[in-house]
Amino acid sequence: MKRQFRVLPLLALTLLAGCKSQSPTTTSGSGVRQGLGVYEYRDEDPSVQPFFSDRQGVIGRNGMVASAHPEASQVGLNILKAGGNAVDAAVAVQFALAVVYPGAGNIGGGGFMVYRGNDGKAYTLDYREKAPGRATQDMYLDSLGNVRPGLSISGHLASGVPGSVDGMAEAHKRFGKLSWAQVLQPAIDLAAKGFALTERDALGLNRIKGDLTTINPGKTYFLKNTNPADTLKWQKGEIMVQADLARTLQRIQSQGRAGFYEGETARLLAEEMKRGNGLITEDDLKDYHSVWRDPIQATYKNYNVITMPPTSSGGVALVQLMRFTEPYPLRKWGWNRDSTVQVMVEAERRVYADRAKFLGDPDFVKVPSDTLMNVDYLKSRWTDFSFAKATDSKNVRGGTIPGYESLETTHFSVVDKAGNAVSITTTLNGGYGSRVVVGGAGFFMNNEMDDFSVKPGVPNMFGLIGNQANAIAPQKRMLSSMTPTILEKDGKLFMVVGTPGGSTIITSVYQTILNVIEHGMSMQQAVNALKFHHQWLPDKTIFENGAFSDATVQNLQNRGYMLEKLTNTLGRMDCVLIRPDGSYEGASDPRADNTARGY
Ligand code: DON
C-alpha cells in the first residue's frame, strides 16, 4: 500500500481552527536570537521555569550520536570516527545498548528505524516483535472471559518473537559501509570485558532482583553474586561482565541473523520457552523477518515530517496532532499557556480515541492511515471543540470513516558527516521486558504481547485501550506508540527525534518538535522543557511539576480539565538538530543517563 502524504493547502488547514474560539487569555513567550542564528527560548513571565535542567546541547560538525547510555553513545561515536556511516553507528549502538542498558536496549525485543540518506530518500524498517504461531486471541483470558492479570506482562508467555537482530542485519545489509564484524565488536567487548555500572544501572538491577530470582529459578544472570540468595547489591562503578551474552553476540557476529534465529541461540531460546510454558518455537524464530515500509511523509508549514507508519501508531498520531494544531498561533500564545495547552490536549484526546479504534498491524487489518491524516476528516473531528470548556472523553469515540469496517524502551539518533540520519526506537516493552533471561544465552526477553489488546476495552500497562484491530493473532505484530521521526526543513535534514515512554511517546515527540519549530527553543531546551500528556482515556492531563504556571492550572481547571501533577517525569529524548551553520546540536535527556557525543 502506498503511504506518501502530499502537501495540503494551508487554507484548508485553517478551516480546522473552527470559529468557536474566544480570545485566548495567554501572554506570549519570546524567542531571543543567539549567535549562529539559533533561537534560544526565554519566557517573558519570570515565574515560569520551563526546563527540567539547564543542560546545554553538544555541538559537533562531523557526527553526532545521542542515546540512553554514555557507553553506547561512545561506541556510536567511535564507529563514526572509524569511517562508519550513520547506519553502521546505529547498528553498533543497538547492540551496545543490549549490553549496557539491559532494561530497554535489547536483542530479545524489537523496534523501528527511520532512515534518511543524504540524497533525501527516506526508508523505514519495522522490526517489531510478532505473536508466536501458537498465540490465540484469548490466550490471556480465563474460562469466564476475564483477563488473567500479569500473564501478558511478566514471564515466558509475555514475549513476542524478537525482531532486533533481523532488523539490524537488514539495515546493515542495505546501508552499512563497515563490516558486520566491526560493528558487532564493541558490544562483544563490553559484554566480555564488562563495563562500569552507572548509579541508575545499579539501582535498576537491584530493583528487579526479586523477579530475577523467581522468574529465573537457578539462574544467576544480572545478580551481583553467583549465589542467588545473596543480598549483596550492585553499586555504582562496579564492573558487570556478561559472558553468555558475549558468546551470543559472537554467534551473531560470525553467522549474521542465523546466529540468533537458527542454531545454538534459537535452540537455547526455544528451550527456555519450553521450560517456562512460553509459546515461541524454533520455527517461529526462523520465520521472523523485519519489513521495509514506505515512510509516512507529511508537510507541516515548511517542514516535512518523515515518520513510522503502522505497525506503530506513532507516525499517524503525530501527523494528526500536528495537523490539528497547525492553524493555531501557538508561538504568539506562548509555550504551555492555557490556549496552547487546550488545543494540544483536545487534539491528543481525539487522536488517541482514533488510535484505539483503527490502528493495528497493516499486514492483518486494513488501517485507514490516509483518511486519518486527511484534513477534512480531522475537521470533522474538531466540530465539538470549544475554548470555553473541555470536551468530555466519554463523548469522544474514534471517528467515522465511511466504508471502513470496524473491526522501558529506548531511542537513539545518529547523524554522520555526510548527513545521513538514523532515528531508532527499540524496546523490550516494560523495563527488563518479561524479566525472563534466556538460559545459556544471557539476554532478557520482551513482554511486548501486552501491547496487543488482550480484551476489547481492557487497558494495557500504559492504560491504552484497543479493539479488534489490535487483537492477538498468530504472527501478527502488536500495535506500538514508538515514534522515531526525522524532519526536513525546506527540503534539507533538520531534526532527528524520538523517545521511550509507552503511550506518552507520541505526545513527547509532538511537544519537542513544537518546542523547536514554534517556540524557538534550541534542541536541548526542547528536550529539557517540562512536558504534559493526555491520551483520551483516562480523561486527565498529566504534567511534569512546573510544566504549567499556577494561573494556567487554574484557567484549565475552570474550563473542566482534570489535571494531575506527576511525581515522576515524562520522556527520555535523544535528538539531533541541524543548525543554520550546518553544525549538529546533540541533545540528550537530563532526566536519565542519556548522553550525546559528537565531533
Ligand atoms: O511499542 C510501544 O508502544 C511500547 N512497547 C513502548 C514501551 C515503552 O516505551 C516503555 N518505556 N518507557
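In what follows, the structure referred to is the one given above.
Cut-offs used in this document
- Residues numbered from 1 in each chain as written.
- Predicted model: local features only at pLDDT ≥ 70, side-chain atom pairs only at ≥ 80, totals over all residues.
- Heavy atoms only, no water.
- Helix = DSSP H or I, 4+ residues; strand = E, 2+ residues; numbered from the N terminus.
- Contact = heavy atoms within 4.5 Å.
- Axes fitted to C-alpha atoms, helices over the stretch in contact; angles between N-to-C directions.
- Parallel < 35°, antiparallel > 145°, perpendicular 65-115°, else oblique.
- Left-handed = near helix turned anticlockwise from the far one by under 90°.
- Nonpolar A, V, L, I, M, F, W, Y, C, P; charged D, E, K, R; others polar.
- Near = heavy atom within 4 Å.
- Polar contact = N/O pair within 3.5 Å; in protein donor to acceptor, adjacent residues only side chain to side chain.
- Areas by Shrake-Rupley, 256 points an atom, 1.4 Å probe, with all protein chains shown as cover.
- Core = buried A, V, L, I, M, F, W, Y, C linked by side-chain atoms within 4.5 Å.
- Buried < 20%, exposed > 50% of the residue type's maximum accessible area, 1.4 Å probe, protein only.
- Salt bridge = Lys/Arg side-chain N within 4 Å of Asp/Glu carboxyl O.
- 1 Å grid on protein atoms, 1.4 Å probe; cavity = no way out; pocket = protein on both sides within 12 Å on 5 of 7 lines; lining within 4 Å.
- Points joined across faces, edges and corners; volume = space filled by probe spheres on them.
- Pairing = 2+ DSSP bridges.

Before going further, it helps to spend a moment on the side chain of S480. Following the sequence through the fold, S480 ends up in the loop between β13 (421-427) and β14 (485-489). In this structure S480 touches F112, R128, T311, S312, S313, G314 and R355, once residues within four positions along its chain are discounted.

A word on the packing of helix α2 (residues 70-81) against helix α5 (residues 180-193). Where α2 contacts α5, the axes come no closer than 10 Å and their chain directions differ by 150°. With respect to their mutual orientation, α2 and α5 come out roughly antiparallel. For α2 against α5, the interelement crossing comes out right-handed. Only Q182, V183, P186 and L190 of α5 make contact with α2, whose side of the interface consists of E71, V75 and I79. Of the residues that constitute the contact of α2 with α5, the class distribution is 5 nonpolar, 1 polar and 1 charged.

What follows concerns the site of the ligand. Among the 15 residues in the neighbourhood of the ligand, the closest are listed as T409, N429, D451, S480 and G502. E408 is positioned with one of its backbone polar atoms (N or O) 3.5 Å from a nitrogen atom of the ligand. Compared with its free state, where it exposes 340 Å², the ligand has 92% of that area covered by protein. Here the residues of the shell around the ligand sort into 4 nonpolar, 7 polar and 4 charged.

Membership of the largest hydrophobic core comes to 92 residues, with the highest contact counts inside it found for M495, I513 and I517. When residues in this core are grouped by element, the largest group, 10 residues, is from helix α14 (residues 338-358). Those residues in contact with I513 that lie beyond four places of it in its chain are L318, M322, T485, L487, M495 and V497. With 79 residues, the next largest nonpolar core counts L80, M168, L178 and M273 among its residues.

In this section: the pattern of salt bridges. In this structure the tally under the stated criterion is 30 salt bridges. Between R257 and D166 there is a salt bridge, and its shortest N-O distance comes to 2.8 Å. With R257 in the loop between α8 (243-255) and α9 (258-261) and D166 in helix α4 (residues 164-175), the pair connects residues that are 91 residues apart, well separated along the chain. With respect to class, R257 is no different from D166; both count as buried. Each member of the salt-bridge network shares a partner with another, and the members are E346, R349, R350, D384 and D539.

Looking at the largest cavity, its volume works out to about 220 Å³. Around the largest cavity sit 28 residues that line it, and R355, D451, N460, L464 and L479 are the ones nearest its centre. Considering only residue class, the lining of the largest cavity consists of 12 nonpolar, 11 polar and 5 charged. In this structure, the second largest cavity encloses a volume near 60 Å³. Lining of the second largest cavity is provided by 13 residues; of these, A98, G105, N106, F443 and F444 occupy positions nearest its centre. Residue classes in the lining of the second largest cavity are distributed as 8 nonpolar, 5 polar and no charged.

This part takes up the sheet that holds strand β3 (residues 58-60). Taken in spatial order, the 7 strands make up an open sheet running β3-β20-β19-β15-β14-β11-β10, and their pairing is antiparallel. Since the sheet does not close on itself, it has two edges, and those belong to β3 and β10 (296-300), each with one partner. Going across the sheet, the axis of each strand differs from the next one's by a mean of 25°, ignoring polarity. Contacts from helix α12 (residues 314-325) reach β10, β11 (303-307) and β14, with the element oriented near 10° to β10. Its contacts with the sheet put helix α17 (residues 505-517) on β10, β11, β14, β15 (492-497) and β19 (574-578), and the angle it makes with β15 is roughly 135°.

So, to be careful, I would describe these as geometric facts and stop short of saying anything about function.
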